[in-house]
Amino acid sequence: MTLEDIVSLCKRRGFVYPSSDIYGGFAGVYDFGPYGVELANNLKNAWWKYMVQRRPDIVGLDSGIFMAPAIWKASGHVDGFSDPLVECKACHNRIRADHVLEELGEQADEKMTEAELNELFDKHKKDIKCPSCGKKDWGQVKAFNLLVKSNLGNLGENWDEDPSYLRGETCQGIYVNFPNVVNSTRVKIPFGIAQVGKAFRNEISPRQFIFRGREFEQMEMQYFVEPDQEMVEYEKLRQYRWDFYKTLGLNEKNLKWHKHDNLVFYAKEAYDIEYNFPFGFKELEGIHARGDYDLTQHQKGSGKDLSYFDQANDKRYVPHIIESSVGVGRMFLAVVTDAYKVDEVNGEERTFLKLDPALAPIKAAVFPLLKNKPELVAKAKEVYAQLAEHMMVEFDDNGNIGKRYRRQDEIGTPACVVIDFDSLEDDSVTVRDRDTTKQERVKISELIMKLSK
Ligand code: GAP
């Protein structure tokens, strides 16, 4: 299976569309279609349940996308949130220098200076073809800031000199609300604040479908701990997050840990969970021990005391933070990749999504056997209405039954419910299983219980 197979299924079956499709697209932005929005919501709900609902020590938050610009200065994003950009002198196509160097087996990490990057790039530039025009005529590598600027709240003409920013990550909203949450709820350290929401980055070359977008959604949890407990809690969080992917039904063989060798100066330790995407193992989620960097920076930036008073032990400190951060799009792509299966049914090849039923966009599809028999259609609509009170279901009377099954298989619907002439007599239906294609007869009165299981 290739990335193209996934992209094609996602578009053909209403999961993901390119943004502004009829206008020729808009790079780095994608729209979730009717099934995509269900799957994305199911992933976010699964994350929220795991990270907030079942954790007495973690609370939720939903902060604004826009925040005081000073926040992005204090966090280091205005001065240091950049990727190395290099431009083709012939066609002005811009690419990421570190990505092309990586493809040539060189490690160009975020700690390298512009001069070091240029030296490394110069060594290889005769071998690097522009992906757009094929020439090998490159300019200088420059740090390109990824923050997306806006004129929100700035009514002047030269707003560009004093912009506000669309948030580049959701966690800054968590850090600056740390004192509000401490003062307005009953949380005690160690505790976490979780948030799901959009983030925006001017990615130089958004690529690999929804893996790297310019607008994307993050699910982040920041855990505030006593300084000397940081690494103890970090190890617990690493395990907890690994176990989460098992609950989604992902094949563990497609997951692995990647330890960062070159840490930013404040980090104690950083690991990514990588997933085996169609283009190889790449970062799915980051789990980082960030020390007291974030709260210390916001103390300096705001002039407010962000220390915490531990009453039980009569001591005051600036909490250290461990974070878990994952993109909805990346999790979506991992789950669809993992579920994508091809087998053979009655001598014909079939593609199906073997999604965990809890994640499937549609839990059951209801079909009247024949479209032109009003009594079957009426009974099927009755069953549909009953099920729709409990789960996402779909009614379909289009085309032959085989085609209807194939469509549901491709969107990962675990069960298809068929109303036939016997149903009118015995109040039973045929339930067909997505994975085995086996069929069984079930009483309508037992259907909800059976499907809920
Ligand atoms: N607060 C930490 C942070 O934002 P990051 O490694 O830049 O760290 C965390 O991003 C996660 O967000 C990544 O592991 C990835 O899942 C997701 N992510 C980051 N950039 C993304 C992009 N351009 N498109 C889609 N997802 C992205």
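Structural notes, computed from the coordinates. Every value quoted in this text rests on a predicted model; they were computed, and no experiment measured them.

As for the overall build of the chain
Thinking step 1. Helix and strand counts for the chain stand at 15 helices and 23 strands.
Thinking step 2. Expressed along its principal axes, the backbone C-alpha trace of the chain runs to roughly 75 × 65 × 50 Å.
Thinking step 3. For the chain, with 453 residues in total, the buried portion stands at 50%.
Thinking step 4. Of the contacts made within the chain by residues no fewer than 6 positions apart, 65% connect residues no fewer than 24 positions apart.
Thinking step 5. Total accessible area on the chain stands at roughly 22400 Å², and carbon and sulfur atoms take up 48% of it.
Thinking step 6. With 62 positive and 73 negative side-chain charges, the chain shows a spacing of 2 Å between the two charge centroids.

Side note on the pairing of strand S4 (residues 82-87)
Thinking step 1. Here S4 runs beside strand S6 (residues 142-145); their pairing, made up of four bridges, is antiparallel. Residue pairing for S6: Pro 84 is matched across the bridge by Ala 143.
Thinking step 2. Alignment of S4 against strand S5 (residues 94-96), held across three bridges, turns out to be antiparallel. Bridging from a neighbouring strand, Leu 85 pairs with Arg 96 of S5.
Thinking step 3. Where S4 hands over to S5, the hairpin turn is made up of six residues, of which His 92 adopts a positive phi near 65°.

Quick look at the sheet that holds strand S9 (residues 191-200)
By definition, the strands of a sheet pair up through backbone hydrogen bonds, in either a parallel or an antiparallel sense.
Thinking step 1. Pairing is mixed across the open sheet formed by seven strands, whose spatial order is S3-S9-S10-S16-S13-S12-S11. Each of the sheet's edge strands pairs with one partner strand only, and the pair in question is strand S3 (58-61) and strand S11 (255-259). Taken pair by pair, the neighbouring strands of this sheet meet at an average axis angle of 25°, ignoring direction.
Thinking step 2. Pairing geometry for S11 and strand S12 (residues 269-277), over five bridges, is antiparallel. Looking at the pairing, His 258 lines up with Asp 272 of S12.

A short note on the sheet that holds S6
Thinking step 1. If you walk across this open sheet you meet the three strands as S5-S4-S6, and the pairing is antiparallel. In the strand order of this sheet, the two ends are held by S5 and S6, each with one partner. Neighbour-to-neighbour, the strand axes of this sheet turn through a mean angle of 50°, independent of strand direction.

Digging into the pattern of salt bridges
Thinking step 1. Following the criterion strictly, the structure yields 37 salt bridges and no others.
Thinking step 2. In this structure, the salt-bridge partner of Asp 57 is Arg 55, at a minimum N-O distance of 2.8 Å. Both residues of the pair, Asp 57 and Arg 55, count as buried.
Thinking step 3. Through salt bridges with shared partners, one network takes in Asp 83, Arg 96, Asp 98 and Glu 203.

Here we look at helix H13 (residues 401-411)
Residues separated by three or four positions in an α-helix point in the same direction, a consequence of the helix having 3.6 residues per turn.
Thinking step 1. Looking at H13, one finds that the buried residues are Arg 404, Tyr 405, Gln 408, Asp 409, Glu 410 and Ile 411.
Thinking step 2. For H13, the side-chain oxygen to backbone nitrogen distance between the N-cap and Gly 402 is 3.0 Å, and the N-cap itself is Asn 400.
Thinking step 3. Positive backbone phi, at 85°, marks Gly 412, one or two positions downstream of H13.

Focus on the environment of Glu 110
Thinking step 1. For Glu 110, the location among the structural elements is in the loop between helix H5 (97-103) and helix H6 (114-124).
Thinking step 2. Measuring from C-alpha to C-alpha, the distance between Glu 110 and Arg 55 comes to 34 Å, with 55 residues separating the pair along the chain.

A closer look at the site of the ligand
Thinking step 1. Close contacts around the ligand come from 19 residues, with Glu 169, Arg 201, Glu 220, Glu 283 and Leu 284 the closest.
Thinking step 2. At 2.6 Å from a nitrogen atom of the ligand is found a side-chain nitrogen or oxygen belonging to Glu 220.
Thinking step 3. Secondary structure elements with two or more residues in the shell around the ligand: strand S10 (215-225), strand S13 (280-289) and strand S16 (320-327).
Thinking step 4. When its residues are assigned to classes, the shell around the ligand shows five nonpolar, five polar and nine charged.

Looking at the nonpolar core
Thinking step 1. Counting 57 residues, the largest nonpolar core has Phe 15, Trp 47, Tyr 245, Leu 248, Leu 284, Met 331 and Phe 332 as its most contacted members.
Thinking step 2. Once residues within four sequence positions are removed from consideration, Tyr 245 is found in contact with Leu 250, Leu 255, Ile 273, Leu 284, Glu 285, Val 326 and Met 331.

Notes on the packing of helix H1 (residues 3-12) against helix H11 (residues 328-339)
Thinking step 1. Relative to each other, H1 and H11 sit at 100°, their axes nearing to 11 Å. Between H1 and H11, the interaxial angle falls into the category roughly perpendicular. In contact with Leu 3, Ile 6 and Cys 10 of H1, H11 contributes Phe 332, Leu 333, Val 336 and Thr 337.
Thinking step 2. Grouping the constituent residues of the contact of H1 with H11 by class yields six nonpolar, one polar and no charged.

Comments concerning helix H10 (residues 293-302)
Thinking step 1. Every buried residue of H10 is accounted for by Tyr 293, Asp 294, Leu 295, Gln 297 and His 298.
Thinking step 2. On the buried face of H10, the contacting elements are helix H3 (69-74), helix H7 (171-176), helix H8 (178-184), S10 and S16.
Thinking step 3. Taken from the residues just after H10, Gly 303 is the one with a positive phi, measuring 75°.

As for a nonpolar patch on the surface
Thinking step 1. Together, Leu 369, Leu 370, Phe 421 and Leu 424 make up an exposed nonpolar region whose accessible area comes to about 290 Å².
Thinking step 2. As for its position among the elements, Leu 369 is in the loop between strand S19 (364-368) and helix H12 (374-388).
Thinking step 3. For Leu 369, a relative accessible area of 33% translates into the label partly exposed.

How each quantity is defined
Residues numbered from 1 in each chain as written. Predicted model: local features only at pLDDT ≥ 70, side-chain atom pairs only at ≥ 80, totals over all residues. Heavy atoms only, no water. Helix = DSSP H or I, 4+ residues; strand = E, 2+ residues; numbered from the N terminus. Buried < 20%, exposed > 50% of the residue type's maximum accessible area, 1.4 Å probe, protein only. Contact = heavy atoms within 4.5 Å. Areas by Shrake-Rupley, 256 points an atom, 1.4 Å probe, with all protein chains shown as cover. Lys, Arg positive; Asp, Glu negative; His and termini not counted. Charge placed at Lys NZ, Arg CZ, Asp CG, Glu CD. Pairing = 2+ DSSP bridges. Axes fitted to C-alpha atoms, helices over the stretch in contact; angles between N-to-C directions. Salt bridge = Lys/Arg side-chain N within 4 Å of Asp/Glu carboxyl O. Polar contact = N/O pair within 3.5 Å; in protein donor to acceptor, adjacent residues only side chain to side chain. Near = heavy atom within 4 Å. Nonpolar A, V, L, I, M, F, W, Y, C, P; charged D, E, K, R; others polar. Core = buried A, V, L, I, M, F, W, Y, C linked by side-chain atoms within 4.5 Å. Parallel < 35°, antiparallel > 145°, perpendicular 65-115°, else oblique. Patch = residues over 30% accessible without salt bridge, like charges linked within 9 Å, V, L, I, M, F, W, Y side chains within 5 Å.

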